[in-house]
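Secondary and tertiary structure notes
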Protein chains: 2
Amino acid sequence: MAKITVIGIGPGSLEDMTPRARKAIDSAVVIAGYNTYVNLIRDIIEDKEVIGTGMMQEVDRCHMAVESARAGKDTVVISSGDSGIYGMAGLVLEMLLKIEKDNRPDFEVIAGLSAINAAAAILGAPLMHDFAVISLSNLLTPWDTIKKRVEMAAEGDFVTALYNPKSKKRIKNIEEVREIMLKYRSPDTPVGIVSNASREKEQKVISTLNDFTKEEINMFSLVIIGNSHTYVNDGYMITPRGYDI
Amino acid sequence: MAKITVIGIGPGSLEDMTPRARKAIDSAVVIAGYNTYVNLIRDIIEDKEVIGTGMMQEVDRCHMAVESARAGKDTVVISSGDSGIYGMAGLVLEMLLKIEKDNRPDFEVIAGLSAINAAAAILGAPLMHDFAVISLSNLLTPWDTIKKRVEMAAEGDFVTALYNPKSKKRIKNIEEVREIMLKYRSPDTPVGIVSNASREKEQKVISTLNDFTKEEINMFSLVIIGNSHTYVNDGYMITPRGYDI
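Residues numbered from 1 in each chain as written. Chains lettered and ligands numbered in written order. Predicted model: local features only at pLDDT ≥ 70, side-chain atom pairs only at ≥ 80, totals over all residues. Heavy atoms only, no water.

What follows concerns the pattern of salt bridges. Under the criterion given, the structure shown has 30 salt bridges over all chains. When the shortest N-O distance is used, the salt bridge between Lys23 of chain B and Glu15 of chain A registers 2.9 Å. One end of the pair, Lys23 of chain B, is in helix α1 (residues 19–27); the other, Glu15 of chain A, is in the loop between β1 (3–8) and α1 (19–27), on a second chain. On the basis of relative accessible area, Lys23 of chain B is assigned to the partly exposed category, the value being 48%. Of the charged contacts, one joins Lys3 of chain B and Glu108 of chain B as a salt bridge, the two residues approaching to 2.7 Å between their closest N and O atoms. With Lys3 of chain B in strand β1 (residues 3–8) and Glu108 of chain B in strand β5 (residues 106–110), this residue pair connects regions lying 105 residues apart in the sequence. If you follow the salt bridges from partner to partner, you end up with Asp130, Asp157 and Arg185 of chain A together with Arg149 of chain B in one network. (Salt bridge = Lys/Arg side-chain N within 4 Å of Asp/Glu carboxyl O. Helix = DSSP H or I, 4+ residues; strand = E, 2+ residues; numbered from the N terminus. Buried < 20%, exposed > 50% of the residue type's maximum accessible area, 1.4 Å probe, protein only.)

Here it is as structure tokens:
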């Protein structure tokens, strides 16, 4: 039986992809992924078969990848970042589990650096303490559920990372997040925005809870809102663990 | 000026360390880290100078690493997992910022796979939805603060990952977490426990919120408590994103 492997290619550069992920790509016959991400690894996939479609077609793409593995071809499904964090691992696994076990391709998830790992390194040390990770995309999740989570993250004084913070069509969610957070945290709370981490045009901005929504934020940005102890010094964002140094 | 680089070596195997981290080790003169983690990369540090001390001596070790860089030696400080998630990035950065800028070594953080990335891949797809990350170590954080965060994570229906869930001396915290979670979630909620991810003796257990504290949990374990939609099928733990497949 062929194998389907769902891998995280990391934030962008091949320098940030693990050897385990690299080997899975090298030994695969078919690569499936959103075109933008396939292009990030174009140099290493040579003449492999590619199942690449545009954004919003994840379900069809994963079905094709599963069929490819069932047809006997070792297939890799790629996510940018970590396939296990808001990535393709779940979708592929749910599809596989509908196939009776005797006919099911082998399955493996290979982790990668997610946007939060990459952005934290670029900002300094914002994640030395407890944190919450929330996607602001309300395509598959009711906005009220997301807002409730923002409220709980704010009240719990979690450092709060926002995935999919803003798109061309979805511009108000981030403003509502700001308003909820301001009920619990100082307007001076540091907020870091990292866009295109580990890719060309990587950008880092450190702002405040009061002002951060005035900055450029898009689908390639990760936003990290500090907790009540987070501070900025010389361009670094730091949430102290509490060591006495 | 020499450079101090804080890197995450990933969960254990060299297969999970990024090329960027590997290159930093290769080009360093001095390696600083907890002995257990230095041993994980023993094969690639050859005859480099090592600043290695036992657990609980992080502050002294980082001071020595900073002094090593000030003395002109390129120095790498290693954390297991991701140096930017409960790792050494913050401690080193705080020390550096006390040095006047002209005499300060260059500084870089290089991200690695944290326990949560590694454990999620091993369990299946538990992190397809919003999640909270909480350390149960109350050495530097008041227990009431941690409990409040557990309560907020529970009420917000976050998938909840627990770092440092239990040690030989600290065995009651995890029981209190279970009790708080049970106020909000079904006793049948899936709980995944991954110990020694990507190392020898890697172990994976999937239990329930009602029963998970009966399982072996130690300082090398990561615990992931599902949200209200998480389910288990054929040994995989899955939190569905909500796609219609």
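Still to come is the rest of the account.
The subject of this paragraph is unusual backbone geometry. Excluding glycine, residues mostly have negative phi values, and the peptide bonds linking residues are mostly trans. In this structure, Asp234 of chain A takes a positive phi of about 55° despite not being glycine. By the element assignment, Asp234 of chain A lies in the loop between β12 (231–233) and β13 (236–238). The backbone of Asn196 of chain B sits at a positive phi, close to 50°, despite the residue not being glycine. Along the chain, Asn196 of chain B falls in the loop between β9 (190–195) and β10 (203–208). Given the relative accessible area of 19%, Asn196 of chain B is considered buried.

Turning our attention to the interface of chain A and chain B. Listed by partner, the interface residues are 73 residues for chain A and 74 residues for chain B. Together chain A and chain B conceal approximately 6500 Å² of surface at their shared face, both sides included; 59% is due to carbon and sulfur atoms. Its largest share of buried area at the contact with chain B, chain A owes to Arg149, Tyr243 and Ile245 of chain A, together 12% of the area lost on that side. Along the contact surface separating chain A from chain B lie 14 salt bridges. A salt bridge links Asp234 of chain A to Arg104 of chain B; the shortest N-O distance between them is 2.8 Å. At the junction of chain A and chain B, the tally comes to 37 residue pairs in polar contact (both at pLDDT 80 or more). Ranked by residues supplied to the side of chain A that touches chain B, first place goes to helix α5 (residues 89–96) of chain A with six residues. Grouping the constituent residues of the side of chain A that touches chain B by class yields 35 nonpolar, 20 polar and 18 charged. For strand β7 (residues 131–135) of chain A and strand β7 (residues 131–135) of chain B, the ladder comprises three bridges, and the chain directions are antiparallel. Directly across from Val133 of chain A, in β7 of chain B, lies its bridge partner Phe131 of chain B. (Contact = heavy atoms within 4.5 Å. Buried area = accessible area lost by both parts, 1.4 Å probe. Polar contact = N/O pair within 3.5 Å; in protein donor to acceptor, adjacent residues only side chain to side chain. Nonpolar A, V, L, I, M, F, W, Y, C, P; charged D, E, K, R; others polar. Pairing = 2+ DSSP bridges.)

Before going further, it helps to spend a moment on the pairing of β1 of chain B. All names here are of chain B. By the criterion of burial, β1 is predominantly enclosed, with five of the six residues buried. In terms of strand pairing, β1 meets strand β4 (residues 75–79) through five bridges, oriented parallel. For Gly8, the partnering residue across the bridge sits in β4 and is Ser79.

A word on the side chain of Ser207 of chain B. Residue and element names in this part refer to chain B. Take Ser207: it is sitting in strand β10. In this structure the side chain of Ser207 is engaged in a polar contact, spanning 3.4 Å, whose partner is the backbone nitrogen of Phe212. Once you skip the residues sitting within four places of it in the chain, Ser207 turns out to touch Thr189, Pro190, Val191, Phe212 and Glu215.

With that out of the way, let us pick up helix α7 (residues 143–155) of chain A. Between its first and last C-alpha, α7 of chain A extends 18 Å over 13 residues, near the 18 Å set by a 1.5 Å rise per residue. Listed in full, the buried residues belonging to α7 of chain A are Trp143, Ile146, Arg149, Val150, Glu151, Met152, Ala153 and Ala154 of chain A. Buried residues belonging to α7 of chain A abut β7, β8 (159–163) and α8 (173–184) of chain A together with α7 (143–155) of chain B. At the C-terminal side of α7 of chain A, Asp157 of chain A shows a positive phi close to 55°. (Expected span 1.5 Å × (residues − 1).)

So far we have only geometry, and geometry alone does not tell us how the molecule works.
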